[in-house]
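Chain and residue survey
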Amino acid sequence: MLWSKTTALALTCSIVLLSSCGFTPLYRHQSDSAGLSSHFAAIEIAPIESRLGQKLRNHLKNKLTPDGKPSEPLYRLIITINETRNDVVILKDATSTFAKITLRVRYKLKNLNKTQIVTSGTTVATTGFNITQSEYVNIQAENGAKSRLAEQISMKIEKLLALFLKSAINKD
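The text that follows walks through the structure, step by step, so that each part is easy to find. None of the values given here were measured: they were computed from a predicted structure.

On to unusual backbone geometry, then. One non-glycine residue, S50, lies in the positive phi region at around 80°. Mapped onto the secondary structure, S50 falls in helix α3 (residues 50-64).

Laid out in structure tokens, this is it:
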């Protein structure tokens, strides 16, 4: 009984302290003002080269514009990718048992009204996969690693764009 009263008191104090410090969640949805989701929905994502770029674009579309392509986009997201693969663990017989894939992505958010780049940056993600005797397993492992990279990079870009748009909204 005492533990539940203490827990309730701690929870109440936490809520009071958090509300008084000015903390606001980044993805807060407010009905009275336009949140980040309306700004995300105004981003058109330009096509990206390669199959990995296609996967990255699909992840970004699902995160930024889940309701479909914007009818009147305000921004265009332009992405270029650079993928490198390194065999890391090399045995005496010159075979490898582990590979590392690094994906370096450069993004630019262009304002279509002012035809200028409003923010840009680079983000990097790395993952690895085991190399076995089976070629089919190796292909599947590499494809899985690339899919994980596309998901990781899309989350990073979403967060970077959210921070930029949140600061741009606060300036206005």
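Residue position: S154 is located in helix α4 (residues 135-171). A residue is classified by how much of its surface remains accessible, and S154, at 0% relative accessible area, is buried. Among the polar contacts made by the side chain of S154, one reaches the main-chain carbonyl oxygen of E151 at a distance of 2.8 Å. Discounting chain neighbours no more than four positions away, the residues touching S154 are L56, H59, L60 and K63.

This part is about the sheet that holds strand β2 (residues 75-90). In spatial order, the strands read β1-β2-β3-β4; together these four strands make up an open sheet with mixed pairing. Whereas interior strands pair on both sides, the edge strands pair on one side only; in this sheet they are β1 (43-45) and β4 (116-130). When the angles between neighbouring strand axes are averaged without regard to direction, this sheet yields 25°. Strand direction decides the pairing type here: strand β3 (residues 96-111) and β4, joined by 14 bridges, are antiparallel. When the sheet's bridge partners are listed, R106 is paired in β4 with T122.

Time to look at a nonpolar patch on the surface. Together, V88, V89 and L91 give the surface a local cluster of nonpolar side chains, amounting to about 220 Å² of exposed area. Relative to the assigned elements, L91 resides in the loop between β2 and β3. Given a relative accessible area of 40%, L91 falls into the partly exposed group.

Rules and cut-offs
- Each chain has its residues counted from 1, running along the sequence as written.
- Local features in this predicted model are restricted to residues of pLDDT 70 or higher, and side-chain atom pairs are both shown and tallied only at a pLDDT of 80 or more, whereas totals for entire chains, interfaces and linings draw on every residue.
- Side-chain metrics rest on all non-hydrogen atoms present in the structure, leaving aside hydrogens and water.
- Secondary structure elements are defined from DSSP: runs of H or I of at least 4 residues count as helices, runs of E of at least 2 residues count as strands, and each element is numbered from the N terminus.
- Remark: exposure states derive from per-residue accessible area (1.4 Å probe, protein chains only) relative to the maximum for the residue type, with buried under 20%, exposed over 50%, and partly exposed in between.
- Within 3.5 Å is the distance limit for a polar contact, defined as a pair of N or O atoms, with the added protein rule that one can donate a hydrogen and the other accept it, and that residues adjacent in sequence qualify only through two side-chain atoms.
- Residue contacts are counted whenever heavy atoms from the two residues lie within 4.5 Å of one another.
- We call two strands paired when DSSP finds no fewer than two bridges between them.
- Simply put, an axis is a line fit to the C-alpha atoms, just over the touching stretch for a helix, and the angle between two N-to-C directions goes from 0 to 180 degrees.
- Put simply, a patch holds well-exposed residues, over 30% relative accessible area, that have no salt bridge, with like charges counted together within 9 Å and Val, Leu, Ile, Met, Phe, Trp or Tyr side chains within 5 Å.
- For the area figures, the Shrake-Rupley method with a 1.4 Å probe applies, and any residue is considered shielded solely by the protein chains shown.
- Put simply, a salt bridge is a Lys or Arg side-chain nitrogen that is within 4 Å of an Asp or Glu carboxyl oxygen.

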